[in-house]
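Examining the three-dimensional arrangement
Take a look at the letters that make up each chain.
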Amino acid sequence: MSFVTDLYRGRTNAGMTEFQEKQRLQHENSMHTELEKLLATAKSPEVETSRKDFEGFTKLFHRFLQEKGPSVDWAKIQRPPEDSIQPYEKIKLKGLPADVASSLNKLAVVKLNGGLGTSMGCKGPKSLISVRNENTFLDLTVQQIEHLNKKYNADVPLVLMNSFNTDEDTKKILQKYTHHRVKIHTFNQSRYPRINKESLLPMATNIGLTGENEEAWYPPGHGDIYASFFNSGVLDKLIADGKEYIFVSNIDNLGATVDLHILNHLVSQPSGKRCEFVMEVTDKTRADVKGGTLTQYDGKLRLLEIAQVPKAHVDEFKSVTKFKIFNTNNLWISLPAIKRLHEQNAMDMEIIVNPKTLDGGLNVIQLETAVGAAMKSFDNVLGINVPRSRFLPVKTTSDLLLVMSNLYSMDAGSLTMSHKREFPTTPHVKLGSSFTKVWDFLKRFESIPDMLELDHLTVSGDVTFGKQVTLKGTVIIIANHGDRIDIPAGAMLENKIVSGNLRILDH
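So, here's what we can say about the structure. It should be emphasised that the depicted structure is a prediction, and the values quoted were computed from it without experimental measurement.

**Concerning the overall build of the chain**
Of regular secondary structure, the chain possesses 14 helices and 25 strands. Every one of the 507 residues in the chain was classed for burial, and the buried ones make up 51%. Put simply, of all contacts in the chain between residues at least 6 apart along the chain, 71% involve residues at least 24 apart. Taken as a whole, the chain presents about 24100 Å² of accessible surface, with 50% of it coming from carbon and sulfur. Between the centroid of the 62 positive side chains of the chain and the centroid of its 60 negative side chains there is a distance of 2 Å.

This is the structure:
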């Protein structure tokens, strides 16, 4: 087995031999040479940005070559102490202060906006997909913050962390919000070179993003927020404006709105005991078994991701009984603490090695980090067990169907479960491959069905829905290959399995 392959497949050697150490240094030197060649193709002012990006990448690459085996020792993992994860209801009991505006004025909202809508068949930023009444993820976010600013006469800015994939399109669209009562800042996360798995060298031939280099670059995960936020100058600007905390969340999580009770809990603590990092967690269901969880490790609260778990313990990690909660990626983080940790080079995050096969068949590696993994670097860290309603991600058209339906009502950009729904949980929806792309999905519904009493929906094959269809209980609709099923307008399906061919034609 070659050193490169051995290195990549878990890096399990307890210590490096002299030969392996020599090989490691060779890889580092070769990488350094290639990065310098790439920098030489950059034009000013791109050079400075790229150099900062490459500094971050080089640190990650160095650690990738150094580290061996899974990043956790399973025997050291303990359940978190009782008081380290507080129930949301306990936080809420404090009530709200008379002057909500003074708390809000210490806050900025950061949305992770680096992703494209490719998994849902869309070009451009995912944040620009319409999710409810022609409103995009970005529209809803702006409406939520504007509502807070108007209601409390506050000044909560919105900060978008874009990637090189989303920056240009997002900036064009921001012009439409110039008359809204929200200040919007943007900064770009880093751009790292994809690594050829065999040679461990960048696949890029120059700094450009087009032609043969189109697939040569990637944004290195949301853990990059700390460095890119600091490097952009936006962090210092917010601190100068009196902001003390950021609320960070994925832009496609429609449940991630500013919670005044959590904010009040943060700012009402005595200054010496203030939390520097709060992670919102929620109870696991069988759908969330791969989600990161909180553990006690070396005396610190720490995020444990499935990628860090030794293979022999993956089933244990997925257990809903042992690990009862998972990370929603809704985070409240102290701005001065981010600045301090970055300046001290003390931000410690595990590397996520993400292998990919590109369209041409080339195997590459992406080195990434996760924003929540830095929690062990902060002081006074807390988990808050929030209601499931604060975790409403839209990753697929199955999720999109839920948020477009009458299960939710919308007010000032926020979605809340309809009071007419008898159970607090959402139905389990599984749409087949004919519905994967948003455009195809929309064509298949003349209107979104009534789903208030639905528990489970599975749809597979060439299926369309007429207007004002009602779905209740468990509904399974399967059109086999070559068949087509049209659910007629006004149909009511309750605990039904529909299969074969069903077409009603006008004459």
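That covers the picture; the talk isn't over yet.
**Here's the deal with the pairing of strand β21 (residues 450-460)**
On any regular strand, side chains alternate: one points to one face of the sheet, the next to the other face. Here strand β20 (residues 428-431) pairs with β21 via 4 bridges, running parallel. What sits directly across from Val-429, in β21, is Leu-457. Regarding topology, helix α14 (residues 438-443) serves as the crossover connection from β20 to the parallel β21, and that connection is left-handed. Here β21 pairs with strand β23 (residues 470-478) via 8 bridges, running parallel. Pairing of His-456 across the sheet is with Thr-474, part of β23.

**Regarding helix α13 (residues 397-404)**
One turn of the α-helix equals 3.6 residues, which is why residues spaced by three or four share an orientation. Of all 8 residues in α13, 6 are buried; the element is thus mostly enclosed. Within α13 the residues assigned to the buried category are Thr-397, Ser-398, Leu-400, Leu-401, Leu-402 and Val-403. Those residues of α13 hidden inside the fold are in contact with β3 (130-132), β18 (408-411), β19 (414-417), β20, α14 and β21.

**Some words on the pattern of salt bridges**
Two side chains with opposite charge may pair up if their charged atoms get near one another. Counting across every chain of the model gives 28 salt bridges. Between Lys-339 and Asp-236 there is a salt bridge; the shortest N-O distance is 2.9 Å. Pair noted here: Lys-339 is in helix α12 (residues 335-343) and Asp-236 is in helix α9 (residues 234-240), with a separation of 103 residues, a long-range link. By relative accessible area, which is 34% here, Asp-236 ends up partly exposed. Within the structure, one salt-bridge network assembled from shared partners comprises Arg-302, Asp-348, Glu-350 and Lys-376.

**Digging into unusual backbone geometry**
The omega angle of the peptide bond from Ser-44 to Pro-45 is 5°, so this bond is cis rather than trans. Of note, the phi angle at Asn-133 is positive, near 50°, even though the residue is not glycine. Mapped onto the elements of the fold, Asn-133 is located in the loop between β3 and β4 (135-136). Unusually for a residue other than glycine, Ala-412 sits at a positive phi of about 50°. Residue position: Ala-412 is located in the loop between β18 and β19.

Calculation notes
- Residues numbered from 1 in each chain as written.
- Predicted model: local features only at pLDDT ≥ 70, side-chain atom pairs only at ≥ 80, totals over all residues.
- Heavy atoms only, no water.
- Helix = DSSP H or I, 4+ residues; strand = E, 2+ residues; numbered from the N terminus.
- Buried < 20%, exposed > 50% of the residue type's maximum accessible area, 1.4 Å probe, protein only.
- Contact = heavy atoms within 4.5 Å.
- Areas by Shrake-Rupley, 256 points an atom, 1.4 Å probe, with all protein chains shown as cover.
- Lys, Arg positive; Asp, Glu negative; His and termini not counted.
- Charge placed at Lys NZ, Arg CZ, Asp CG, Glu CD.
- Pairing = 2+ DSSP bridges.
- Right-handed = clockwise from strand over helix to strand, strands pointing away.
- Salt bridge = Lys/Arg side-chain N within 4 Å of Asp/Glu carboxyl O.

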